[in-house]
Amino acid sequence: MPETNLSALPTFETDSNLINIVIETQRGSGTKMKYDDHLRAFRVEKTLPLGMVFPFAFGFVPSTKAGDGDPLDVLVMGEAELPWGGIVLGNAIAVMECEQRANGKTERNDRVIAVPLDFKKRQAMLPRIIFDNTLRHAIIDFFIKYNELQRKEFRVLGFHGQQNALEIIRDNMVSAKTKIKRVS
């Protein structure tokens, strides 16, 4: 088991707006992995129905706590294979503000959308991201279906750009130790 609790890693790379992301589920996987703080290991959380897979890598921003009580979720858009359990440096490019409803209880469960960076070069691993309405609708459709499988309602409150994504990340940070001064 890892020595470090991955959930407690710093949220931001020092003195930057770049975020650390712990990958829980690989792009193209039909198995949802989840990091367990107490075991400091990854568990299989659920399997998706045959033919349904995650369209992009999925993970969390360490040292954050979202409305559902888990770390803030991140959808990592990219062509590179990012293995579950890996830590990637990313640039938050947008946020999908959303809420989930189950058993009469509604909670916020936003998704940060990020692109992975080459750690040494600090360059996006993609030449260009095209984040258009078609892609937005595909992401929304995936999460609606994914939540239906868990008997949850899923509703998108809005899509917002990088500044809102960074504000939501900062607002969901759990420790003053992980907060850094804002870099413009």
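Our subject is the structure listed above.
Thresholds applied
- Residues numbered from 1 in each chain as written.
- Predicted model: local features only at pLDDT ≥ 70, side-chain atom pairs only at ≥ 80, totals over all residues.
- Heavy atoms only, no water.
- Phe/Tyr/Trp six-rings, centres within 6.5 Å; stacked < 30°, edge-to-face > 60°.
- Helix = DSSP H or I, 4+ residues; strand = E, 2+ residues; numbered from the N terminus.
- Buried < 20%, exposed > 50% of the residue type's maximum accessible area, 1.4 Å probe, protein only.
- Core = buried A, V, L, I, M, F, W, Y, C linked by side-chain atoms within 4.5 Å.
- Contact = heavy atoms within 4.5 Å.
- Pairing = 2+ DSSP bridges.
- Polar contact = N/O pair within 3.5 Å; in protein donor to acceptor, adjacent residues only side chain to side chain.
- Salt bridge = Lys/Arg side-chain N within 4 Å of Asp/Glu carboxyl O.

> Which residues make up the packing of aromatic side chains, and what are the values?
For the structure on display, the rule yields 11 aromatic pairs. Between Phe42 and Trp84 the ring centres are 5.3 Å apart and the planes differ by 65°, which places this aromatic pair in the edge-to-face class. With Phe42 in strand β3 (residues 41–47) and Trp84 in the loop between β5 (72–76) and β6 (87–102), this residue pair connects regions lying 42 residues apart in the sequence. Their ring planes at 65° and their centres at 5.5 Å tell us that Phe54 and Tyr146 sit as a pair that is edge-to-face. Here Tyr146 lies in helix α1 (residues 133–148) and Phe54 lies in the loop between β3 and β4 (57–61), a separation of 92 residues in the sequence. On the basis of relative accessible area, Phe54 is assigned to the buried category, the value being 0%. Under the relative-accessibility criterion, Tyr146 is labelled buried at 5%. An aromatic cluster is built from Phe54, Phe58, Phe142, Phe143, Tyr146 and Phe154, whose rings are joined through pairwise contacts.

> Give me the nonpolar core: which residues, what numbers.
In terms of nonpolar packing, the biggest core is built from 21 residues, with Ile19, Ile21 and Ile169 touching the most fellow members. Elements with a contribution of two residues or more to this core: β1 (19–25), β4, β5, β6, β8 (111–118) and α2 (162–171). Here the element with the most residues in this core is α2; it accounts for four residues. Contacts of Ile19, omitting those with residues within four sequence positions, involve Thr11, Phe12, Val61, Val88, Leu89, Gly90, Ala92, Val112 and Ile169. Ranked by size, the runner-up nonpolar core spans 19 residues in total, among them Phe54, Met77, Ala94 and Tyr146.

> Run through the pairing of strand β2 (residues 31–36), naming residues and quoting values.
Pairing of β2 with β3, which is carried by six bridges, proceeds in the antiparallel orientation. By the bridge assignment, Thr31 is partnered in β3 with Thr47. The hairpin formed by β2 and β3 contains four residues between the paired strands, and Arg40 there has a positive phi angle of roughly 55°.

> Got a sec to walk through the environment of Asn5? Specific residues and values, please.
As for its position among the elements, Asn5 is in the segment before β1. A relative accessible area of 19% places Asn5 in the buried class. Leave out the neighbours within four places in its chain, and Asn5 touches Tyr35, Asp37 and Arg40. From its side chain, Asn5 meets the backbone nitrogen of Ser7 in a polar contact 3.0 Å long.

> An account of α2 is needed here, citing residue identities and associated values.
Along α2, the residues that are buried comprise Ala165, Leu166, Ile168, Ile169 and Arg170. For α2, the elements touching its buried residues are β1, β4, β5, β6 and β8.

> Before we move on, could you go through the pattern of salt bridges and cite the residues and values that matter?
Taken as a whole and judged by the stated rule, the model has 13 salt bridges. Here Glu107 makes a salt bridge to Lys105, at a shortest N to O gap of 3.8 Å. Of the residues examined, Lys105 reaches a relative accessible area of 54% and is grouped as exposed. Notably, a salt bridge pairs Asp110 with Arg108, separated by 2.8 Å at the nearest N-O pair. One salt-bridge network, in which partners are shared between bridges, spans Glu24, Lys32, Lys34, Glu45, Lys46 and Asp70.

> Give me the lowdown on the side chain of Asp110, citing residues and values where you can.
Assignment of secondary structure puts Asp110 in the loop between β7 (105–108) and β8. Judged by its relative accessible area of 7%, Asp110 is buried. At 2.9 Å, the side chain of Asp110 and the backbone nitrogen of Cys98 are in polar contact. In this structure the side chain of Asp110 is engaged in a polar contact, spanning 2.8 Å, whose partner is the side chain of Arg108. Not counting chain neighbours up to four residues away, the residues in contact with Asp110 comprise Leu72, Asp73, Val95, Met96, Glu97, Cys98 and Ile168.

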